[in-house]
Amino acid sequence: MLSALIFLPLVFAVIISFLNDKKMIRLIALTGAIFEFALCILMLSKFNPDIINLQLVEKKAWLPSVGINYFLGIDGISVWLVVLTAFLTPITILGSWKAIDQKVRGFHISLLVLESAMLGSFLAIDAVLFYVFFEASLIPMYFIVGIWGGANRIYATIKFFIYTMVGSLFMLLAIISLMYLTKALPEGQMSASVLDFYRLNLPFIAGDFFSTQALLFFAFALAFAIKVPMFPFHTWLPDAHVQAPTPGSVILAGVMLKMGTYGYLRFAIPLFPEATDYYSWLFLLLGVVGIIYGALVAMVQPDVKKLVAYSSVSHMGYVIIGLFALNEIGIMGGLYQMLNHGISTGALFLLVGMIYERTHSREISKYGGLAPVAPIFTIIFMIVTMSSIAVPLTNGFVGEFMILLGTFKAKPVYAYFAVLGVVLGAAYMLWMVKKVFFGPEGEIVVKYKNQGLDLNAREIVVMTPLVIMIFWMGLFPNTFFKYSEKSIKHLVENRLDYTLQVEHSQKSDFKTSEVK
């Protein structure tokens, strides 16, 4: 089933490559994305939240001479990220129905290939396979921004590609080093399996940056810090968001950034427990700086899309401090905030793109008085804004509350400063809402108000699932927590020794006929 999840989008991409009619291309792409989401829901129905080990495991020899396998599995850490990817893709395709009118075939092929690579990253248990999918996701996003982006798209694309590629090279070196170290395990064979990496007892000396565990930890951490992106590695993100077409921004913010934070949960935190404990202060500090810095820079942005881009830097800072609180509450909050950010920030980028299609301007000062002219757009934008600034009863409140609670439990001083981000977030988002939607009519509204600025039926259909999820995740968070809490509890309690998990996983999967 996991292989089907990864490769089904590629099947539809191949079908699209033989088509020329734009409408048919869009229909086939949307159909493929909906089938993918349906398959994802079927996978979720087969997932047992009471099992902490990997489920639906697939393992085939790929390069057996060096211990590299086609090894897939899913657990409570990755399950909702897979669902988020499959959920956002059809919404993105339907949302870009009119926005992308040139090279339509190439765009939808790129989008489906990107979905496949992102799913592969969340499902791969072999480290080399993870690296292949992790890097493969860069290629379609490179084309999406570079071909369908704005006027300065080449600069933004190259900057994005170089940043992420250079960071990933350090991770590749670390993976190769760990593969050689696995030869010291009782089996005496090289392996790229993350489960075998967990069994390594890597030397660590407190304060010695050059100890084996510290060096490998920072090699992984750098690659993921750039992907998130964490301060001070964030500078590629605002350029990429502003220049990317709307669907590119939605997928970039909604899913691709989560590949970095997922990497910390799957690799850095469990693989290098002592280094993680010792250097957690650094990531808490950078996370808090990112929260405050992103919010302050967002406050002075004249472009609404750039404001949302910097808000993304601020919100991902919350995820980082939640993960590096290294307790169940903080990590659960961080994982939940990944989902929240994908929903709320993806929705904001969609809404900004919808109004840009009509007015061809994102300059805040040119708007004003939009609410009476576009009431449906205003209501939905306000709901998403409430989610973004973590108002109670919305999804954002649950995630940020748990993160702050977990951080306070671990290191209270960082929680004190992180709370400033909540205040600043409300300040810049409500300021933007006031300028765009209320007050006297701006020149953009005066010019276009008779041409229909409100959402049409298709756009309402696009936004409705996102609005439902904002309230559902805010009111019924346990719907999501119950699938992840056991895996996170096991991660926190047993980061030093995964040997029992490996043995039990193999027996459990064999008994349930999930692996032969």
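That block above? That's the structure.
Residues numbered from 1 in each chain as written. Predicted model: local features only at pLDDT ≥ 70, side-chain atom pairs only at ≥ 80, totals over all residues. Heavy atoms only, no water.

What follows deals with the overall build of the protein. Across its full length, the protein carries 22 helices and two strands. Computed over the C-alpha atoms, the radius of gyration of the protein is 22 Å, within 12% of the 24 Å expected from 2.2 N^0.38 for a compact globule of 516 residues. Oriented by its inertia axes, the alpha-carbon framework of the protein measures out at about 75 × 55 × 40 Å. Taken across its 516 residues, the protein has 62% of its residues classed as buried. The long-range share in the protein, meaning contacts at least 24 apart out of those at least 6 apart in sequence, stands at 80%. Carbon and sulfur atoms provide 68% of the accessible area of the protein, an area that totals close to 19300 Å². In the protein, which carries 35 positive and 30 negative side-chain charges, the distance between the mean positions of the two groups comes to 6 Å. (Helix = DSSP H or I, 4+ residues; strand = E, 2+ residues; numbered from the N terminus. Rg over C-alpha atoms; globule rule 2.2 N^0.38 Å. Buried < 20%, exposed > 50% of the residue type's maximum accessible area, 1.4 Å probe, protein only. Contact = heavy atoms within 4.5 Å. Areas by Shrake-Rupley, 256 points an atom, 1.4 Å probe, with all protein chains shown as cover. Lys, Arg positive; Asp, Glu negative; His and termini not counted. Charge placed at Lys NZ, Arg CZ, Asp CG, Glu CD.)

Aromatic ring pairs are reported here in terms of the distance separating the ring centres and the angle at which the planes meet. Per the stated rule, a full pass over the model turns up 37 aromatic pairs. Looking at lysine 59, its charged tip hangs above the ring of phenylalanine 71, at a distance of 4.8 Å from the centre. If you follow arginine 362 out to its NZ or CZ, it ends over the ring of tyrosine 356, 4.8 Å from the centre. (Phe/Tyr/Trp six-rings, centres within 6.5 Å; stacked < 30°, edge-to-face > 60°. Lys NZ or Arg CZ within 6 Å of the ring centre and 35° of its normal.)

Of all hydrophobic cores here, the largest spans 189 residues; its most connected members are Met43, Tyr264, Leu370 and Met463. If near-sequence neighbours (up to four positions away) are discounted, methionine 43 is found in contact with Met1, Leu2, Leu5, Leu56, Ile74, Val79, Val82 and Val83. (Core = buried A, V, L, I, M, F, W, Y, C linked by side-chain atoms within 4.5 Å.)

A separate point is the side chain of aspartate 454. With respect to the helices and strands, the residue aspartate 454 is situated in the loop between helix H19 (443-448) and helix H20 (457-475). No salt bridge is formed by the buried aspartate 454, whose closest oppositely charged neighbour, arginine 358, lies at an N-O distance of 7.0 Å. Looking at aspartate 454, its side chain comes within polar contact range of the main-chain nitrogen of phenylalanine 377, at 2.9 Å. Discounting chain neighbours no more than four positions away, the residues touching aspartate 454 are Arg358, Val373, Ala374, Pro375, Ile376, Phe377 and Glu459. (Salt bridge = Lys/Arg side-chain N within 4 Å of Asp/Glu carboxyl O. Polar contact = N/O pair within 3.5 Å; in protein donor to acceptor, adjacent residues only side chain to side chain.)

In this section: the layout of surface pockets. For the second largest pocket, the calculated volume is near 410 Å³. Lining of the second largest pocket is provided by 23 residues; of these, Ala99, Trp148, Pro245, Thr246 and Tyr356 occupy positions nearest its centre. Taken together, the elements giving at least two residues each to the lining of the second largest pocket come down to helix H6 (138-148), helix H10 (236-243), helix H11 (246-271) and helix H14 (328-359). Ranked by residues supplied to the lining of the second largest pocket, first place goes to H14 with five residues. (1 Å grid on protein atoms, 1.4 Å probe; cavity = no way out; pocket = protein on both sides within 12 Å on 5 of 7 lines; lining within 4 Å. Points joined across faces, edges and corners; volume = space filled by probe spheres on them.)

Here the structure, examined in full by the defined rule, presents six cavities of 30 Å³ or more. In this structure, the second largest cavity occupies an estimated 90 Å³ of space. The wall of the second largest cavity is formed by Val304, Val352, Ile355, Arg362, Tyr367, Leu370, Phe377, Phe381, Met432, Val436 and Phe437. For the lining of the second largest cavity, the secondary structure elements donating two or more residues are H14, helix H16 (375-388) and helix H18 (412-437). With three residues, the top contributor of residues to the lining of the second largest cavity is H18. Class assignment of the residues belonging to the lining of the second largest cavity gives a composition of 10 nonpolar, no polar and one charged. (Nonpolar A, V, L, I, M, F, W, Y, C, P; charged D, E, K, R; others polar.)

Of all seven residues making up strand S2 (residues 68-74), seven are buried, and the element is well covered by its neighbours. Burial of the side chains of S2 extends over both faces: Ile68, Tyr70, Leu72 and Ile74 are buried on one face and Asn69, Phe71 and Gly73 on the other. Sheet analysis places strand S1 (residues 55-63) next to S2, joined by six bridges and oriented antiparallel. Residue lysine 60 lies in a different strand from S2, and its bridge partner there is tyrosine 70. In textbook terms, the turn of a hairpin is the stretch between consecutive antiparallel strands, and for S1 and S2 this stretch comprises four residues, one of which, glycine 67, has a positive phi near 75°. (Pairing = 2+ DSSP bridges.)

Our next topic: H20. Under the 1.5 Å per step criterion, the end-to-end length of H20 is 27 Å for 19 residues, consistent within 8% with the ideal 27 Å. The largest bend in H20 is about 30°, located at methionine 463, with the proline proline 465 one to four residues further on. Where the residues of H20 are buried, they touch helix H3 (79-95), H14, H16, helix H17 (395-410) and helix H21 (478-493). Structurally, the start of H20 carries an N-cap: the backbone nitrogen of arginine 458 is 3.2 Å from a side-chain oxygen of asparagine 456. (Expected span 1.5 Å × (residues − 1). Bend = angle between axes of the 7 residues up to and from the residue.)

Moving on: a nonpolar patch on the surface. Where nonpolar side chains cluster on the molecular surface, the patch consists of Ile139, Tyr142, Phe143, Ile147, Ile154, Ile158, Ile162, Val166, Phe170, Leu173, Ile176 and Tyr180 and spans about 1100 Å² of accessible area. Those elements that provide at least two residues to the nonpolar patch are H6 and helix H7 (153-181). Counting residues per element, the nonpolar patch draws most heavily on H7, at eight residues. Relative to the assigned elements, phenylalanine 170 resides in helix H7. (Patch = residues over 30% accessible without salt bridge, like charges linked within 9 Å, V, L, I, M, F, W, Y side chains within 5 Å.)

Attention now goes to the pattern of salt bridges. Using the criterion set out here, one finds 10 salt bridges in the structure. Between arginine 358 and glutamate 459 there is a salt bridge, with the nearest N and O atoms lying 2.6 Å from each other. Separated by 101 residues along the polypeptide, arginine 358 in helix H14 and glutamate 459 in helix H20 bring together distant segments of the chain. Glutamate 459 gets classed as buried once you look at its relative accessible area, which sits at 2%. Among the salt bridges present, the one from glutamate 441 reaches lysine 449, with a minimum N-O distance of 3.1 Å.

Turning to the packing of H10 against H11, a few remarks are in order. Two numbers describe how H10 lies on H11: the axes approach to 8 Å, and their chain directions differ by 140°. The angle between the axes of H10 and H11 places the two elements in the oblique class. Contact with H10, carried on its side by Trp236, Leu237, Ala240 and His241, involves Ser249, Leu252, Ala253 and Leu257 of H11 and no other residues of that element. Here the contact of H10 with H11 is composed, by residue class, of six nonpolar, two polar and no charged. (Axes fitted to C-alpha atoms, helices over the stretch in contact; angles between N-to-C directions. Parallel < 35°, antiparallel > 145°, perpendicular 65-115°, else oblique.)

Note that every value here comes from positions in space, so none of it alone points to a role or purpose.
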